[in-house]
Amino acid sequence: MNKEQNRRRFMSLVGGTFAGGWAGAAFADPQEPDLIVYNAKVQTVDNVMPKAQAFAVRSGRFVAVGSNDIKNLAGKKTQSYDAKGMMIVPGFIDAHNHGGGEELLYDVLVGNPYDVELVSIDSIVAKLKAKAQTLPPGTWVEGFFLDDTKLKDKRPLNIHDLDKATTDHPVMVLHRGGHTAFFNSKAFQMAGVTQNTPNPYGGTYDKDAAGALNGRVTDKAMASLQKVGSRESFTPAQKQKRQLDGVAFISKKFVQYGLTTVHHNEVGVLEAMQEQRLRGNLLHRVSYEMNGDLLEAMIKTGIETGFGDEWIRLGATSEHTVDGSLSERTMAMSRPYIGISPPYKGNLTETQDDLNAWCERVHRANIRLNCHANGEVAIDRTLTAYERALKLYPRADTRPKITHCSMINDQLVRRMKALNVVPAMFSTYPYYNSDKFHFYGEEMMRHMIAFRTMIDAGIVPAAGSDFGPGPFAPLMAIQAMVTRTGWNGETWGANQKITLDEAIKVNTINGAYNAREEKDKGSITVGKLADYVVLADDLHSVAPAKIKDVKIVRTVVGGRTAYQA
Ligand SMILES: [Zn+2]
């Protein structure tokens, strides 16, 4: 066929499928695509044409999606990729992630960040001891990625274990959830905290049965210990190198697992991301969620959410913390936790007045609100502040975000729907943290990480791994959402299961919607960014309990291969 025949053939091919508005984009100049992918089982996540065999990419965007006839659009410079029947889905989007590559590369990791792995307390102590020997007395020795239910010893880490690592250095082992930590005696001594020190607002110094400090400290109480002593120091050049290495490392990891966009929550990494982008080492797209100096600068200078481009864009604020943690059992609930005495309902870390003031100030600056709220008491408090701010300064399509939004009830769901709140809910937890759900029990778990309830209510929930607290693998997330069954075989809150196709949406288009980027991302649609993932097996044909093991064959961002198995 000549070019004109090609063009007519192409028009007949897509003409019946595409709505009129899209045809313009489709015919922009499809004759010379940079890349054509064919023989694929394309799950487009586009309701207008849910399945396709082939697509064409030009200048980093999809320019045609349809049948294998798209092959005929190939020009001299067009590259072709025969997908050999493999499944292709839009690039996965993680709507809540702390992505600390620097920590992964350079710090002491006492647990496995990426998957379920049981470790011994002895191995943790040995790693801390080795680190202590490299540091002068009085300097902090820190361990990361502890998971209290992934210990072979089947008992919690305690102050006595950590005293075995060193008595000359303060020691902190941070739970991967980030809301609790375990300290040695030296750390408590340096901070002047004893068993008689009262708990501060929003946190606790936990005690053993005899009333002595057991080493565990929760939420807002951690700061009183962390502020004493000195930390390993680095020159500005060393610090910069660590940050740059960290960004490059985590970016490689993300695309290896199929993530093409990540909503980042870590502080002070924007500069390193921009630098690595210039150097060609930023492989995934970033929605940067800000706080601290950057948020203040934005409010002062009038920079709003949305500033940036399709690689790095300023998103919502980073999670403004209203309560504690799900995995560490400190979230603020209306009912007490099972088996804890005296009765404990979790930690609220922000008063209603302070939260109201923060939300008003941020929303007034036209920066998208984002609060961390797990328990239903914290979600209620957050919605109250959102309702107030949006009423004071009405704006179109604000989509205030709630990070986690874990435990809900009917009334909260109605209020969320009325404000079009976009939740970023734990994605891998139902698989990874199934060993913790007995702390809540089945009745509470029926209202926890409630994807089914949200979708049925017309809310658009996105997947938020919260990495480090949760592993970020999107296929683990999809398996968790579809099965609600964990690594230990336990199923909790099966009423919240969603279908495979719904789970794929949650991990793609819903993530785009969460950052108001659905016009550019989240589906394989003409005009959108050419971000996609090639999977070795069709997710529909593997057993649900094996979804997480399906191989990622290739991850493509903007038409460029970012990862290849
Ligand atoms: Zn988080």
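Rules of the game
- Residues numbered from 1 in each chain as written.
- Predicted model: local features only at pLDDT ≥ 70, side-chain atom pairs only at ≥ 80, totals over all residues.
- Heavy atoms only, no water.
- Pairing = 2+ DSSP bridges.
- Helix = DSSP H or I, 4+ residues; strand = E, 2+ residues; numbered from the N terminus.
- Contact = heavy atoms within 4.5 Å.
- Axes fitted to C-alpha atoms, helices over the stretch in contact; angles between N-to-C directions.
- Donors = N, O, S within 2.8 Å, 3.2 Å for Na, K, Ca; no water.
- Tetrahedral: all angles 85-135°; square planar, octahedral: opposite > 155°, others 65-115°.
- Buried < 20%, exposed > 50% of the residue type's maximum accessible area, 1.4 Å probe, protein only.
- Parallel < 35°, antiparallel > 145°, perpendicular 65-115°, else oblique.
- Left-handed = near helix turned anticlockwise from the far one by under 90°.
- Nonpolar A, V, L, I, M, F, W, Y, C, P; charged D, E, K, R; others polar.
- Polar contact = N/O pair within 3.5 Å; in protein donor to acceptor, adjacent residues only side chain to side chain.

Novice: For this particular structure, what's the right way to read the sheet that holds strand S22 (residues 462-464)?
Specialist: Taken in spatial order, the five strands of this open sheet run S18-S19-S20-S21-S22, and their pairing is parallel. Edge positions in the sheet fall to strand S18 (320-321) and S22, since each has one partner strand and no second. One ladder, built from three bridges, connects strand S21 (residues 422-426) with S22; its direction is parallel. Along S22, the bridge assignment pairs Met425 with Ala463. In the packing of helix H11 (residues 352-364) onto the sheet, the strands contacted are S18 and strand S19 (370-373), and the crossing angle to S19 comes to about 150°.

Novice: How should the coordination of the zinc ion be read in this particular structure?
Specialist: By definition of the ideal shapes, a tetrahedral metal site with four donors has angles of 109.5 degrees and an octahedral site with six donors has angles of 90 or 180 degrees. Surrounding the zinc ion are the protein donor atoms His96 (NE2), His98 (NE2), Glu319 (OE) and Asp466 (OD), at 2.0 to 2.1 Å. Coordination at the zinc ion is irregular: its four donor atoms span angles of 81 to 177° at the metal. Read in sequence order, the donor residues coordinating the zinc ion give the pattern H-x1-H-x220-E-x146-D. Highlighted residues: Glu319 in the loop between strand S17 (312-317) and S18 and Asp466 in the loop between S22 and helix H17 (474-483), separated in sequence by 147 residues. As far as the burial class goes, Glu319 and Asp466 line up, both buried.

Novice: Is there a simple way to think about H17 in this case?
Specialist: Counting buried positions over the 10 residues of H17 gives 10, a clear majority of the element. For H17, every residue scored as buried is listed here: Pro474, Leu475, Met476, Ala477, Ile478, Gln479, Ala480, Met481, Val482 and Thr483. Immediately beyond the C-terminal end of H17, within one or two residues, lies Arg484, with a positive phi of roughly 55°.

Novice: For this particular structure, what's the right way to read the pairing of strand S5 (residues 61-66)?
Specialist: Consecutive side chains along a regular strand alternate between the two faces of the sheet. Counting buried residues along S5, five of its six residues qualify, which places the element largely inside the surrounding structure. One ladder, built from five bridges, connects strand S4 (residues 54-58) with S5; its direction is antiparallel. By the bridge assignment for S5, Ala56 is matched with Ala64.

Novice: What's the story with the packing of helix H12 (residues 376-392) against helix H13 (residues 410-419) in this structure? I'm lost.
Specialist: A pair of packed helices is characterised by two quantities: the angle between their axes and the separation of those axes. Across the interface, H12 lies against H13 with an axial gap of 11 Å and an inter-helix angle of 30°. Our classification of the angle between H12 and H13 gives roughly parallel. As H12 runs across H13, the sense of the crossing is left-handed. Note on element contacts: H13 touches H12 through Leu412, Arg415, Met416 and Leu419, opposite Glu376, Ile379, Asp380, Leu383, Thr384, Tyr386, Glu387 and Leu390. Each residue belonging to the contact of H12 with H13 can be placed in one class, and the counts come to seven nonpolar, one polar and four charged.

Novice: What is the right way to look at the sheet that holds strand S13 (residues 203-207) in this model?
Specialist: Each strand in a sheet pairs with another by means of backbone hydrogen bonds, the pair being arranged parallel or else antiparallel. As summarised here, the arrangement of the six strands in space is S9-S10-S11-S12-S14-S13, forming an open sheet in which the pairing is mixed. In this open sheet, the two strands that pair with only one neighbour each are strand S9 (108-109) and S13. Bridging between strand S10 (residues 141-146) and strand S11 (residues 171-175) involves four bridges; their strand directions are parallel. Each bridged residue has a counterpart across the sheet, and for Gly143 the counterpart in S11 is Val173.

Novice: What should I look at first to understand unusual backbone geometry in this one?
Specialist: Glycine aside, the phi torsion of most residues is negative, and most peptide linkages are trans. The peptide bond linking Ser341 to Pro342 adopts the cis configuration, its omega dihedral lying at 0°. Along the polypeptide, Pro342 turns up in the loop between S18 and H11. Here the amide bond leading from Phe467 into Gly468 is cis, since omega sits at -5°, within 30 degrees of zero. Structurally, Gly468 is set in the loop between S22 and H17. Look at Arg329: it is not a glycine, yet its phi comes out positive at around 60°. If you trace the backbone, Arg329 turns up in the loop between S18 and H11.

Novice: Please clarify how the environment of Thr491 should be interpreted in this entry.
Specialist: On the secondary structure map, Thr491 appears in the loop between H17 and helix H18 (500-506). Judged by its relative accessible area of 38%, Thr491 is partly exposed. Sequence separation between Thr491 and Met445 is 46 residues, and the spatial gap between their C-alpha atoms is 9.9 Å. Setting aside chain neighbours within four positions, we find Thr491 in contact with Glu442, Thr483, Arg484 and Thr485. Among the polar contacts listed, one links the side chain of Thr491 to the side chain of Thr485, at a separation of 2.6 Å.

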